[in-house]
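A closer look at the structure
Each chain is listed here by its residues.
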Amino acid sequence: MTISSYERLKKDTKALFETPTAAALRNSLYNQKSNLAYEKCITNLSLYSQFSQLPGYLERKLNKHKNILEKLKEESPNANTKDDLGLPIIDGNQALVTRSTTTKSSALSKLQKNQILYKDRRSEDIFANDLIVPKLHKSNQKVTQHMKWKMFRVLMGHTGQVTALAFDPQNKYFVTGSSDRTIKIWNLASGQLQLTLTGHIMAVRGLVVSDRHPYMFSCSEDKSVKCWDLEKNKVVRDYHGHLSSVYTIDIHPTLDLIVTGGRDSSVKVWDIRTKLPVYTLTGHKNTVNKVYCRSTDPQIISCSMDSTVKTWDLVAGKCDKTLTYHSKSVRSFCCDETREEFISGSADGLKKFNLPSCEYLQEVDGLPHDQLNQGNLILNSNCCNNDGIMFVGADNGQYGFWDWESGTVFEQGTTIPVPGSLNSEKGILCSSFDRSGIRLVTGNVDKSVRVWKPVNE
Amino acid sequence: MSKEIDETTARTKHAVQKIIDAKLNGEKIGSSISGSHSNDPIYIRYTPSTNLLNQGSSKKQRIIKIVDKQEDPTLPPSFKIRKTPQGPSDEAPVPILHEETTAKLTKKEQKIWTIPPAISNWKNTKGFTISIDKRLASTVEDSERYEISDKFSTLSEALDKANKEAKEELEMRARLNQKLEKQKLLENQKKLSRIAQEARGIPGSRSSRRSKWEVEDEKEQGNREKDSAALRREWIRKERRRKAEKELHTGSLSTENKVKMLAKEQGREVSERVAIGVSQNKGKRSAENNTEEMYDSRLYLKAAGTNTRHSEDQVYDSALFGNTSAINDIYRAREPDRYKGLGSGSGSDANKEKRKLDKERRFDELSSKEPTGPVVFEKDTADKNISLEAHGLKTKKREWEE
């Protein structure tokens, strides 16, 4: 910022706050808020345009990388206000006067507009950065009534903790992967074990069954990704390239692509048929915990131990947006495609975002937990169905059912470990609603697979 | 919605297919620059500068053909291919939109968490001087931890005291016991001496002789020196005679018996086998040729020893008491059959007789109790006092004799 621009800024503020209307507004604000908030308001709303007047080349560079930072649209500068080099004209009183008036009026209008917009906001959020203030509020959300969910079946069979879950498209079977290196196929209706598949040499960490192929894909801690033919029950393809354990896998809903992420903090996109890694998406700074594929942009969403959620542009093969709302490792998130929203879960809470734009919508209620005495509550898995219910399972065995719209918990509890297992083996590692949404299956540390259903009270 | 999906799908498919095709064909993505590279020669019209022209070059303009030098594709690369370090990422820095959850420590908390440097009281290899407060800081916690309560000392004191008292008491008791025993012994001795005096009263043996001397002494006192000298000489003569007689007797005895006798005089009893200093080889060899003395065979022949010597450790060819092993010394009840035959050399008649008797079963009761074990001694049930007295008498006698 040059000296001249600083002077200009001073003048502008003077002009802005010495007009009678502005003074009245300011007084009203003053009564409401503290000095700090007031200052925030100034820097945030009225004077933003002043700061943004950078040399043309810098501005272009900024625009190139513009993302979620941009929320207040700058007034497009006139062609006259810039000289050949793209620098704003320093000389000339007239230009300065005109601009100051425009900024003043625009700032005022923004203030007024925001006051209307934010009238249902919490008082402490009024002057906070728009980005970090949730868009929705609990007060105007109506809580829908849901049925109680009860566990009605415990399936034993695995000899290690159950780490992965997937449903087949016909909803007849579901598949579980375990740290005993096996994949087991169960009948959903009867709970009978149908088949055990072996092939991985370390814990199976991710499973997905394709809707459009007779294939199942599995990923494992042994760095391998395998494609199983469910007609022959054999491995037909191997996707080689990950440098460390592969923790998560998903299949693209419309294209023949699978996406994997793992401990090497990369997200890899594979072509199913040719086994080629189409993209290696780098950007995460730590283990990738979950990836999710969508048919529309953003086509890939991933969350990571570096406490970020990233969306990826599949056409260009690079990171689209980075969400840094969490301060702890994000282990899981789930997407509601009908509402176009997703909720990410971390030890510091659950947060709801809307989808194409990834705006922060809402802070979702957390489970009751004494963080001081028991440490962080690690949320291992969350999943949702089409009825607006979200399930979250934690590492200490706590679970909860949420109403998606309002973000409130309507049922919660702690799992009881299977007799013969330790008290510490309560954790829920993976969970998934079935295709119809009226059955919930969870995989636990105590080697059990538990099936839940809603019951009328 | 479906339209949007279709559109994005098509777009993505196109992009992905492009990459896949490129990868399948082994091409590098974005290697279009290499395509411009061709082997076609380039022609350049060259105009020399005016300075050179003045120096007298004949041609004004030239056309230069530039052709790439033919390269041997099999040659190793002339430049080392290095990986360039990754530059700054394209992405703009992302604003951090969460609060820092870890609060900063206050000074007080920091103080609590400070860990003093480890300072050893035993090692200081670099020889640094360590201030006393640093030493204290590193050890003060330990001293606090290992603080011993006063009660330990009081307990140990009490224990010591009790120990002392108990010892004193024991000593006293022992002394008292000793006194009592002494008293008893004295009484016993008095009793014994009385008995001995009574016994001395009986004539015979030395005691009477001694009394004779006493009488003689009394006579001496009566100024009869002549008689006393004569008596003394006579007594000495007697003694000498006795000694000579004894020597004569012992000279005729074998060494073994001599030793035995000596031992007997000293109050020891020596068995036949273990007469100290009298080795007697009673083995087979000695039985065969009694006159031959024991020699190590190696003294005479070198070769002879090789047969008998078994190992390096074996110094002598045969044991000195080889056949008189300890086994022979142990008492064993002999089998009755063998025992029977002992009396008569061949003993066939006697055996026959014995068998006959056995068959008759005349001594059923006796034969059932065959003497298989060692001889059993029965405990003496005689009056203790008397036995003690008898013992005392014996010992007294011996003492006196000596």
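Parameters at a glance
- Residues numbered from 1 in each chain as written.
- Chains lettered and ligands numbered in written order.
- Predicted model: local features only at pLDDT ≥ 70, side-chain atom pairs only at ≥ 80, totals over all residues.
- Heavy atoms only, no water.
- Helix = DSSP H or I, 4+ residues; strand = E, 2+ residues; numbered from the N terminus.
- Areas by Shrake-Rupley, 256 points an atom, 1.4 Å probe, with all protein chains shown as cover.
- Phe/Tyr/Trp six-rings, centres within 6.5 Å; stacked < 30°, edge-to-face > 60°.
- Buried < 20%, exposed > 50% of the residue type's maximum accessible area, 1.4 Å probe, protein only.
- Lys NZ or Arg CZ within 6 Å of the ring centre and 35° of its normal.
- Pairing = 2+ DSSP bridges.
- Axes fitted to C-alpha atoms, helices over the stretch in contact; angles between N-to-C directions.
- Contact = heavy atoms within 4.5 Å.
- Buried area = accessible area lost by both parts, 1.4 Å probe.
- Salt bridge = Lys/Arg side-chain N within 4 Å of Asp/Glu carboxyl O.
- Patch = residues over 30% accessible without salt bridge, like charges linked within 9 Å, V, L, I, M, F, W, Y side chains within 5 Å.
- Lys, Arg positive; Asp, Glu negative; His and termini not counted.
- Charge placed at Lys NZ, Arg CZ, Asp CG, Glu CD.
- pLDDT = per-residue confidence, 0-100.
- Core = buried A, V, L, I, M, F, W, Y, C linked by side-chain atoms within 4.5 Å.
- UniProt positions renumbered as here; feature names shortened; annotations may be inferred.

The number of helices and strands found in chain B is 16 helices and 2 strands. When the accessible area of chain B is evaluated, it comes to approximately 38,900 Å², of which 54% is carbon and sulfur surface.

Another point: the packing of aromatic side chains. Residue and element names in this part refer to chain A. Following the criterion strictly, the structure yields 20 aromatic pairs over all chains and no others. An angle of 15 degrees between the planes, with centres 5.5 Å apart, marks the rings of tryptophan 149 and phenylalanine 401 as stacked. Of this pair, tryptophan 149 sits in strand β1 (residues 148-156) while phenylalanine 401 is found in strand β24 (residues 398-403), placing the two residues 252 residues apart along the sequence. Both residues of the pair, tryptophan 149 and phenylalanine 401, count as buried. Members of the aromatic cluster, joined through ring pairs, are Trp149, Phe391, Tyr399, Phe401, Phe410, Phe433 and Trp452. When the ring centre of tyrosine 247 is taken as origin, the NZ or CZ atom of arginine 205, which lies over that ring, is 4.1 Å away.

Residue and element names in this part refer to chain A. Overall, antiparallel pairing links the 4 strands, which are arranged β1-β28-β27-β26 in an open sheet. A single partner strand is all that each edge strand has here, and the edge strands are β1 and β26 (428-433). Here the average twist between neighbouring strands, direction ignored, is 25 degrees. The pairing of strand β27 (residues 440-444) with strand β28 (residues 448-455) spans 4 bridges and is antiparallel. Within β28, the position partnered with leucine 440 by the bridge is tryptophan 452.

Between chain B and chain A, the contact holds 24 residues from the first and 29 residues from the second. With both sides pooled, the region where chain B packs onto chain A buries about 2,400 Å², and carbon together with sulfur makes up 67% of that total. The largest share of the area that chain B buries against chain A comes from Thr12(B), Leu97(B) and His98(B), three residues that together contribute 24% of it. Measuring nitrogen to oxygen at the nearest pair gives 2.9 Å for the salt bridge that ties Arg11(B) to Asp297(A).

Quick look at the sheet that holds strand β13 (residues 277-282) of chain A now. Residue and element names in this part refer to chain A. One open sheet holds the 4 strands; their spatial order is β10-β11-β12-β13, and the pairing between them is antiparallel. Looking along the sheet, the strands with just one partner apiece sit at the ends: β10 (246-251) and β13. For this sheet, the mean inter-axis angle between neighbouring strands, taken without regard to orientation, is 20 degrees. Where strand β11 (residues 257-262) and strand β12 (residues 266-271) come together, 5 bridges link them in antiparallel fashion.

The next subject is a positive patch on the surface. Taken together, the side chains of Arg233(B), Arg237(B), Lys238(B), Arg240(B) and Arg241(B) present a region of like positive charge at the surface. Relative to the elements of secondary structure, Arg233(B) occurs in helix α8 (residues 225-252).

A residue-level look at chain B finds 58% of positions with pLDDT of 70 or above and a mean pLDDT of 74. Considering only residues more than four positions removed or in separate chains, one finds that residues 30-36 of chain B, a stretch of pLDDT under 50, has 0 contacts.

For the coordinates displayed, the defined rule picks out 17 salt bridges over all chains. Residues Asp336(A) and Arg339(A) are paired through a salt bridge, measuring 2.5 Å at the closest nitrogen-oxygen approach. Between Glu171(B) and Arg175(B) there is a salt bridge; the shortest N-O distance is 3.6 Å. In this pair, Glu171(B) and Arg175(B) are both assigned in helix α6 (residues 150-201), 4 residues apart and thus about one turn of the helix distant.

Grouped together as the largest cluster of nonpolar side chains are 20 residues, with contacts concentrated most on Val267(A), Val269(A), Val278(A), Tyr279(A) and Ile300(A). Elements with a minimum of two residues in this core: β11, β12, β13 and β14 (288-293) of chain A together with α1 (2-24) of chain B. Broken down by element, this core gets its largest block of residues, 4 residues, from α1(B). Non-local contacts of Val269(A), meaning those with residues more than four positions away in its chain, are made with Leu257(A), Ile258(A), Val259(A), Leu276(A), Pro277(A), Val278(A), Tyr279(A), Leu281(A), Ile300(A) and Leu314(A). By size, the runner-up hydrophobic cluster in this structure holds 15 residues, among which are Leu131(A), Ile301(A), Val330(A) and Phe353(A).

The next subject is the pairing of strand β7 (residues 215-220) of chain A. Residue and element names in this part refer to chain A. A large share of β7 lies buried, amounting to 6 of its 6 residues. Side chains of β7 alternate between two faces, with Tyr215, Phe217 and Cys219 and Met216, Ser218 and Ser220 buried alike. The sheet contact formed by strand β6 (residues 204-209) and β7 spans 5 bridges and is antiparallel. When the bridges of β7 are listed, valine 204 appears paired with serine 220. With 5 bridges connecting them, β7 and strand β8 (residues 225-229) associate as antiparallel partners. Directly across from serine 218, in β8, lies its bridge partner lysine 226. Counting the residues between successive antiparallel strands, the hairpin from β7 to β8 contains 4 residues, one of them, lysine 223, with a positive phi of roughly 70 degrees.

This brings us to a nonpolar patch on the surface. All names here are of chain B. On the surface, a nonpolar cluster with roughly 400 Å² of combined accessible area is contributed by Ile42, Ile44, Tyr46, Ile64 and Ile66. Here the element with the most residues in the nonpolar patch is strand β1 (residues 42-46); it accounts for 3 residues. Residue position: isoleucine 66 is located in strand β2 (residues 62-66). Classification of isoleucine 66 by relative accessible area gives partly exposed; the value is 38%.

If you check UniProt for "coiled-coil region" (unreviewed entry), the listed places come out as residues 159-186 of chain B in our numbering. Helix makes up 100% of residues 159-186 of chain B and strand 0%, and the two end C-alpha atoms of the span are 40 Å apart.

All names here are of chain A. Here the residue pair aspartate 297 and proline 298 is connected by a cis peptide bond, since its omega of -5 degrees sits within 30 degrees of zero. A positive phi is found at arginine 181, a non-glycine position, where the angle reads about 75 degrees. Counting through the fold element by element, arginine 181 comes out in the loop between β3 (173-178) and β4 (182-187). Judged by its relative accessible area of 46%, arginine 181 is partly exposed. A positive phi is found at lysine 447, a non-glycine position, where the angle reads about 70 degrees. Topologically, lysine 447 is positioned in the loop between β27 and β28.

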